[in-house]
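# Results of the structural survey
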Amino acid sequence: MGPSPAPPGRVIGSAGPTTSRRLDAYTPRLIAAGVRAMIGKGSRPSEVKEAIKKHKAVYFVTIGGAGALLSKSIKQAEVIAYEDLGAEAILQLNVEGFPAIVANDIYGGDLFEQEKAKYKKGKTPLP
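Within each chain, residue numbers correspond to sequence positions counted from 1 in written order. Only residues with pLDDT of 70 or above have their local features reported here, since the model is predicted, and side-chain atom pairs are shown and tallied only from 80 upward, although totals for entire chains, interfaces and linings are computed over all residues. Think of the side-chain values as coming from all heavy atoms in the structure, minus any hydrogens and water.

## Considerations on the sheet that holds strand E5 (residues 100-104)
- One bridge is not enough; two strands pair if DSSP finds at least two bridges between them. In this description a helix means any DSSP run of H or I spanning at least four residues, a strand means any run of E spanning at least two, and both kinds are numbered starting from the N terminus. One open sheet holds the three strands; their spatial order is E1-E2-E5, and the pairing between them is mixed. Only two strands of the sheet have a single partner each, and these edge strands are strand E1 (37-40) and E5. Averaged over neighbouring strand pairs, the angle between their axes works out to 35° when direction is ignored.
- Sheet topology note: the E1/strand E2 (residues 58-62) ladder contains four bridges and is parallel. By the bridge assignment for E2, Gly 40 is matched with Val 61.
- What makes two residues a contact is simply this: any of their non-hydrogen atoms within 4.5 Å. Axis geometry follows a simple rule: fit a line to the C-alpha atoms, using only the stretch in contact for helices, then measure angles between N-to-C directions, giving values from 0 to 180 degrees. Packing of helix H4 (residues 111-120) onto the sheet brings it into contact with E2 and E5, and relative to E5 it is tilted by some 85°.

Structure (structure tokens):
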């Protein structure tokens, strides 16, 4: 995410997920360096999924276009790397009630692939 400036009395401004593909070239390196959880939107390529599994990381997805709502769940935000990049710095977030689901897990699970497979078999969750 590239959060907007924090309004008075808030920890962070609007904080919606970015399209994760924008960072795919860097993600395996970041995971190898110690990142263990990421939040974004959209599926990840095999190189990223392999790094997630190898290093026991997790990729969460959340709702795009709802940054103002999502920011209400962020209770603390701390820049942990690349402060000079401003809104593109790497942040550590403490959240409560943040609406995200695990899309890729430490076992190689891939929610996007699982749901595509259900759809192809005609087992969509919608009536």
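## Focus: the packing of aromatic side chains
- When two rings of Phe, Tyr or Trp (its six-membered ring) have centres within 6.5 Å they constitute a pair, described as stacked for plane angles under 30 degrees, edge-to-face for angles over 60, and tilted for the intermediate range. Scanning all chains against the criterion turns up zero aromatic pairs.
- Two limits define a charge over a ring: the Lys NZ or Arg CZ must be within 6 Å of the ring centre, and within 35 degrees of the ring normal. The ring of Tyr 59 has Arg 44 sitting right over it, with the charged end atom 4.7 Å from the ring centre.

## Overview of the nonpolar core
- Ranked by size, the top nonpolar core spans nine residues in total: Ile 31, Met 38, Val 48, Ala 51, Ile 52, Ala 57, Tyr 59, Val 61 and Ala 103.
- Ranked by residues supplied to this core, first place goes to helix H2 (residues 46-54) with three residues.
- Setting aside anything within four residues of it in sequence, one finds Ala 57 in contact with Ile 31, Val 35, Arg 36, Ile 52, Asn 104, Asp 105 and Ile 106.
- Buried Ala, Val, Leu, Ile, Met, Phe, Trp, Tyr and Cys residues that are joined via side-chain atoms within 4.5 Å together make up what is termed a nonpolar core. Three exposure classes are used, based on accessible area relative to the maximum for each residue type with a 1.4 Å probe and protein chains only: buried under 20%, partly exposed in between, and exposed over 50%. Counting residues in each nonpolar core, the second largest holds six residues, with Ile 12, Ala 15, Ala 66 and Phe 98 among its members.

## Description of the environment of Ala 77
- Secondary-structure assignment places Ala 77 in strand E3 (residues 74-81).
- In this structure the C-alpha to C-alpha distance between Ala 77 and Gly 65, which are 12 residues apart in sequence, comes to 20 Å.
- Apart from residues no more than four positions distant in its own chain, Ala 77 is found in contact with Val 11, Ile 12, Gln 92 and Leu 93.

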